[in-house]
Structure formats: structure tokens, C-alpha cells
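Observations on the three-dimensional arrangement
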Amino acid sequence: MSDNSNDANSKKRALDDTEGSRGVTSVHSVTAPSLPKQKAQKVAATVFENTDKYKKSIYSPIVWSRILPLLPEAAFMALSGASPRLMAVIRDYFSSCEKPITISPYMEHFFKGKPVSWPGVKIVELIDVISLSVFCDSVASGQLLLPNVSTLIIRSCNIDEVCSQKLASAAACFKLTALQMNGNFISPEGVSVLVAVLERSRLTELHLWGNVIDKSGFTRVALWCEHLKGVESLLVGGHSREDSGGSLLQFALPRLPSLTRLMISDVELDSQALGVCKALETKPELLDLCLANCNFARTGLHFVSRALKALDNLTSLSVIQCDFEENALQELLKNLKGAELKTLEVRGNAVVDTDAAGVMQLAANYPKLTAIDFSENSITSAGAIQMC
């Protein structure tokens, strides 16, 4: 009996190794592949380095199903246009994949033939205007079905009126809760279309960072925020020289009643400090505030410090890589009540020993503080001892 069982297992292993030659394309029709994880990782690295060779699909579908989850997005781009058998395996893999997917122009090959359904995908990233066009056309035509996408990331795209119209058609197929638009050029016409469409969304997270938008466009986006009553998390900053995002903050913050997490990055907080900080004072419900790469001298410092006084419910405050003068950090934090503060991050601000010691004295007044980060500063060993 045991001999028969061993013989049957040997035949099954041999079948697994040769399954690909029979044209099997579904990774769901077979049991878990017998490929150890360590070996699969090694094979995945080899595939990534020699994608042209592996387009010929030298492995069976059952083995590919173990390799694919270990490959970086760049490998999928390079593998597109591979043999029909491997393309079918990749399409099948994505149908149950729950990893974020970056759409590239090369992936147009995946969307040909019968409609492709990827119900497991929840996050999609578009990395240029060509990939945006390929994606939007495929979704709008019903060739690509993504019923559970909730997060859309758009970066490095030139969004004109035509492009935004395509995006509008695609967005209508999703129930978006998060939109991240970073590093795009958005024309006035593009802003108009996006505002008209996205004001009907139910976003809880919005990122607008590093986009080139003229001042009239910022005003329209800010007014659009009036329709985003559910937004809880907002990232703003790093926009065009005409307006780094300060005016958007001034208009948008009072219009976002559910906002609890705010990230301000690469915003000139000196020239626009008064308006921004007045808007901040209207948000006592904020729980998490992050200021990153913000340039504010004494004028900005005064207004931001005043705004912190109104934020009674902050549980996390991050001040990262801001251009401070000596002892400016103490000036910034002196008005912070910190009754609910649990995390304080002051990383990369060229903080010296005396400033660090002063901040630690202030931190003694924060009863719930459990974590403080002083990394990447100019604190000496002696200063570190004084902080203890």
C-alpha cells in the first residue's frame, strides 16, 4: 500500500513539473505548488534580471504562480508581451492579486482579447500620461474591470481637458475613497473637469502635492472642497512657484469638517503664514499634524506657534526638515498644550543641544507622550545626556 502511495506521489510531482507543456493556463485549477519560498525568491530575482529570456515561459503555470507574487512591478512591465501562455498566467494572477498595481504603457497587452477582471485590486497607480490614457480607455470600454478599486494615485501626468475627460469617464466606474495627485501639470480646463466630476465622490483621503496649477485653479479646487465633507486626511504643498499651496489651505481647511489628519509639505510658511494659520485655528479637531520641508522664519514661526495653541486634541505632531534658526523649535512649541499628545517627531531640523534640552522640558508637560524622535539633528553626546 505504501509503495503504491509513494508511486502516486512521484507521478504527481512529475505532472507538476511538466504541466505547462499541456497548455494549462489557470493557477486556480491546481493545488499549491511545491516550490520552497527561498528557492522561489531566488528564481524571482533571476527572472527580474533576465526578463527577455523568461518571456518564453520556461516554467509551468503552477511554478509561475509561486514566482509572480515575488516580482517587482518593473518585472511585470518587462514581461508584458511575453508568450500567450505566460500572459494568460499573469492575467490570472492579477485576478486574485491584492497588491497595488502600477499601470504602465506596456500593460496595454494585458487588456487585449476578452475582458480582464481584477477584483482583488484596490490601489492603482498611473505613472505618466500614456499609462493614464491606456488605463482610462480600458476601464471606460469595459475591457478592464476593477470593481473594488478605492485608491487612485496619479503622478507625473499632463492633465489637459481631453485627459481629464478620460479620467472622469474611468472614475465614474469606481467608488473612490482616496485620490493622490502628485507632481502633475493640470491645466485650467483640466481642473474644471476634475472638479465637476470629483465633487460627486466620497473621498476620505486627498493628496495634492507638487502639482503645477495656476492660482485660479487653486481657487476652484478649494471651492470644490466644500463638497468633500468626508475627507479625513489631506496632504497639500510643493506646488508651482506662483502658489506653493498656501491659498489652497486657506480656502480648503474651513470647508473640511471631518478633517483629522493634515500634512503640509514644501509650503512657504513665511509669506503665507498668517492666512494659513488662521485657517489652522479653525480646526481644533485635528489629531495629526505634519509640517515637512516648510520654510518659515520668525514671522511664520510666530503665527504657527499661535495656531498650535488652538489645537487641543493633537495626538501626533511632526516637524520634519524645516529650516529653523537656533532655539526656534522651543518658540514653535511653547504654546502647544499637548494634553493629548502621544507622538512628537522633530527630525532633521538641525536642532542643537540647548534647543533639544528646552524641548524636553516642554515635553514634561505632555502627560500622554510616549514617543519622541530627535534623529538627524545636531545633538552631541553631551546634549543627549542632558535630555535624559
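Up top is the structure these notes are about.
A short tour of the structure in this document, coming up. (Residues numbered from 1 in each chain as written. Predicted model: local features only at pLDDT ≥ 70, side-chain atom pairs only at ≥ 80, totals over all residues. Heavy atoms only, no water.)

1. Quick look at the sheet that holds strand β15 (residues 371–373)
- Across the sheet, which stays open at both edges, the eleven strands sit in the order β1-β3-β5-β7-β9-β10-β11-β12-β13-β14-β15 with parallel pairing between neighbours. The sheet is open, and its two edges are formed by β1 (101–103) and β15, each paired on a single side. Pairs of neighbouring strands in the sheet enclose a mean axial angle of 10 degrees, with direction left out of account.
- As defined by bridge partners, strand β12 (residues 288–292) adjoins strand β13 (residues 316–320) across five bridges and the pair is classed as parallel. Looking at the pairing, A292 lines up with I320 of β13. (Pairing = 2+ DSSP bridges. Helix = DSSP H or I, 4+ residues; strand = E, 2+ residues; numbered from the N terminus. Axes fitted to C-alpha atoms, helices over the stretch in contact; angles between N-to-C directions.)

2. Focus: empty space enclosed by the protein
- One pass over the structure, following the stated rule, counts three cavities of 30 Å³ or more.
- One number sums up the size of the largest cavity: a volume of about 80 Å³.
- In terms of lining residues, the largest cavity is bounded by ten residues, among which M181, L194, L208, V221 and W224 are the most central.
- When contributions to the lining of the largest cavity are tallied by element, the ones reaching two or more residues are α9 (188–198) and α10 (215–224).
- Considering every element that reaches the lining of the largest cavity, the biggest residue donor is α9, with four residues.
- Looking at the lining of the largest cavity, its residues break down into ten nonpolar, no polar and no charged. (1 Å grid on protein atoms, 1.4 Å probe; cavity = no way out; pocket = protein on both sides within 12 Å on 5 of 7 lines; lining within 4 Å. Points joined across faces, edges and corners; volume = space filled by probe spheres on them. Nonpolar A, V, L, I, M, F, W, Y, C, P; charged D, E, K, R; others polar.)

3. With respect to helix α8 (residues 161–171)
- Regarding α8, the residues found buried are C163, S164, L167, A168, A170 and A171. Seen end-on, α8 carries its buried residues on one side only, within an arc spanning 165 degrees.
- Where α8 begins, one side-chain oxygen reaches toward the backbone nitrogen of V162, 3.3 Å away; that side chain belongs to D160. (Buried < 20%, exposed > 50% of the residue type's maximum accessible area, 1.4 Å probe, protein only. Arc of directions from axis to C-beta. Polar contact = N/O pair within 3.5 Å; in protein donor to acceptor, adjacent residues only side chain to side chain.)

Take it as geometry only, folks, not as evidence of what the structure does.
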